[in-house]
Amino acid sequence: MNKSIVLIETDFILTTYNISKCTEGSVSWKTPSNIALVKYWGKQEPQIPENTSISFTLDACFTVTTLEYKKRDTERSRSGQNAEKISTSLNHQSDKSNFDIYFEGEKKDDFKPKIELFFKRIEHYVPFLREFDFVITSKNSFPHSSGIASSASGMSALALCIMSLEKELDPTISDAYFNQKSSFLARLGSGSACRSIEGELIVWGNHNEIKGSSDLFGVKFPHTIHKNFKNYHDTILLVDEGEKQVSSTVGHQLMSNHPFAKQRFIQANDNISKISKALQHGDLKEFTTIVESEALSLHAMMMTSNPYFILMRPNTLKIIHKIWDFRANTGSNICFTLDAGANVHVLFPEKEKLEINNFIINELIQFCQENHYICDRIGKGAEQLLIKN
Ligand code: DP6
């Protein structure tokens with residue numbers, strides 16, 4: 001049994017804070033994406049996962065977000081002129097939101113509903129949220145249309161910015177609490193975002209064998225990771241850079257009446273136990289078996305839901321077969337995983353990088369859209385930036 005103290009939902013409600021401490025400013029965070037090894041697919045309100053998941057935090061795929069904040073009342077009391085300026089610059093009086101969002105230099109009103117929903121879900125925990133007006137400016141290191149989910153890095157970056165504001169208002173909060181509450185808030189924006197705060201391996205969802213694990217936030221994998229998994233590589237092959245036909249949110253919903261759901265959640269939780277041992281013992285063969293089985297199980301759930309759908313493309317399967325052939329012929333520890341899309345994440349250990357990079361360039365990138373791919377690796381988590389972007 002897990003006997004560590006795990007924070008509960010009420011621990012994340014900010015009750016006392018000094019609003020006069022901060023009137024305006026800005027904060028920036030650079031936050032990575034992550035790739036799940038054991039997948040989260042199926043959830044209950046409010047963003048509670050049906051099974052435990054574990055992910056590698058990435059490094060090269062990240063979002064940079066700046067949150068500019070101005071306290072509403074202070075501005076009004078300071079001068080009527082200033083208040084005018086804010087309401088004109090924010091231009092959100094008609095939709096009643098207290099923020100504007102810019103993505104890669106362009107104002108994005110179509111991003112507002114998702115962020116407004118996020119604000120609604122978190123305002124109970126960060127009651128100062130409606131006392132400010134915000135301008136959110138965000139950009140990704142990877143192309144927006146690459147098919148790489150940006151919600152994990154995007155929502156975690158915004159959650160961290162909001163927590164930096166909380167820290168201004170209450171400087172007594174510890175680093176551990178800061179990270180846990182950031183993950184807690186990020187989860188309410190997008191489930192997988194709660195695994196993008198720290199590195200290198202993050203577990204989300206309560207599991208008897210993972211000390212400190214919780215359905216409410218991600219925690220660092222609590223055991224020492226074998227050196228075989230240090231600097232692990234993830235080369236992302238961009239097979240289809242278009243918009244997904246079915247969103248993850250819809251995919252999660254389809255798990256609630258799915259004929260195989262119960263067994264799938266059991267399988268995922270069993271895979272957490274197995275991968276935990278493989279990661280500690282450096283068992284690359286077992287790691288490969290679990291990770292590939294998880295990727296295919298995720299897509300099997302999509303293919304057997306009602307309505308059913310397929311996100312893999314012919315080139316996704318060609319790449320998988322090439323990887324299997326290469327492994328059979330060379331004894332390599334290369335393996336693949338998939339997200340909710342057609343792209344293939346090729347995972348491999350640092351010590352095999354030369355041969356595998358050659359194999360990828362010579363045999364796999366021909367299956368990518370315009371030969372596009374991204375070389376990424378396991379990363380250490382989010383960083384606060386001191387400069388304005
Ligand atoms: C297949 O976190 O994008 O990538 O909580 O609805 O925002 P929401 O879903 P999201 O789902 C991610 C699904 C996945 C698997 C995973 O990352 O674990």
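This is a predicted model, so every value here is computed, not measured.

Asks: Help me understand the packing of aromatic side chains, please; the structure alone is not making it clear to me.
Replies: How two aromatic rings sit relative to each other is set out by the distance from centre to centre and by the angle between their planes. Within this structure, the stated rule accounts for 21 aromatic pairs. Ring geometry for Tyr69 versus Phe132: centroids 5.8 Å apart, planes at 90°, classification edge-to-face. Separated by 63 residues along the polypeptide, Tyr69 in strand S4 (residues 53-71) and Phe132 in strand S7 (residues 132-140) bring together distant segments of the chain. What makes Tyr69 buried here is its relative accessible area of 6%. Here the aromatic cluster, defined as three or more aromatic residues joined through ring pairs, consists of Tyr17, Tyr69, Phe99, Phe118, Phe119, Phe128, Phe132 and Phe134.

Asks: Is there a simple way to explain the site of the ligand in this structure?
Replies: What surrounds the ligand is a group of 17 residues, the closest being Tyr40, Lys43, Ser190, Gly191 and Ser192. Ser190 has a polar side-chain atom sitting 2.6 Å from an oxygen atom of the ligand. In this structure, an oxygen atom belonging to the ligand sits 2.7 Å away from a main-chain N or O atom of Gly191. When the ligand is considered free in solution it has 460 Å² of accessible area, and contact with the protein chains removes 94% of it. For the shell around the ligand, the leading source of residues is helix H6 (residues 248-254), giving 3 residues.

Asks: I tried to follow the packing of helix H7 (residues 261-281) against helix H8 (residues 284-303) on my own but got confused; where do I start?
Replies: The packing of two helices is summarised by the inter-axis angle and the distance between the axes. Between H7 and H8, the shortest axis-to-axis distance is 9 Å and the interhelical angle comes to 160°. For the element pair H7 / H8, the angle class is roughly antiparallel. Where H7 crosses over H8, the handedness of that crossing is left-handed. Every residue of H8 that contacts H7 at Arg264, Gln267, Ala268, Asn271, Lys274, Ile275, Ala278 and Leu279 is listed here: Glu286, Phe287, Ile290, Val291, Ser293, Glu294, Ser297 and Met301. Tallied by class, the residues present in the contact of H7 with H8 amount to 8 nonpolar, 4 polar and 4 charged.

Asks: Explain the sheet that holds strand S12 (residues 344-348) to me, please; I cannot follow it from the model alone.
Replies: Adjacent strands of a sheet pair through backbone hydrogen bonds, lying either parallel or antiparallel. A sheet is described by the order of its strands in space; here 4 strands give the open sequence S11-S12-S10-S13, paired in antiparallel fashion. Since the sheet does not close on itself, it has two edges, and those belong to strand S11 (335-338) and strand S13 (373-377), each with one partner. With strand direction ignored, the average angle separating the axes of adjacent strands in the sheet is 25°. Contacts from helix H9 (residues 314-330) reach strand S10 (233-237), S11 and S12, with the element oriented near 155° to S11.

About the cut-offs
- Residues numbered from 1 in each chain as written.
- Predicted model: local features only at pLDDT ≥ 70, side-chain atom pairs only at ≥ 80, totals over all residues.
- Heavy atoms only, no water.
- Phe/Tyr/Trp six-rings, centres within 6.5 Å; stacked < 30°, edge-to-face > 60°.
- Helix = DSSP H or I, 4+ residues; strand = E, 2+ residues; numbered from the N terminus.
- Buried < 20%, exposed > 50% of the residue type's maximum accessible area, 1.4 Å probe, protein only.
- Near = heavy atom within 4 Å.
- Polar contact = N/O pair within 3.5 Å; in protein donor to acceptor, adjacent residues only side chain to side chain.
- Areas by Shrake-Rupley, 256 points an atom, 1.4 Å probe, with all protein chains shown as cover.
- Axes fitted to C-alpha atoms, helices over the stretch in contact; angles between N-to-C directions.
- Parallel < 35°, antiparallel > 145°, perpendicular 65-115°, else oblique.
- Left-handed = near helix turned anticlockwise from the far one by under 90°.
- Contact = heavy atoms within 4.5 Å.
- Nonpolar A, V, L, I, M, F, W, Y, C, P; charged D, E, K, R; others polar.
- Pairing = 2+ DSSP bridges.

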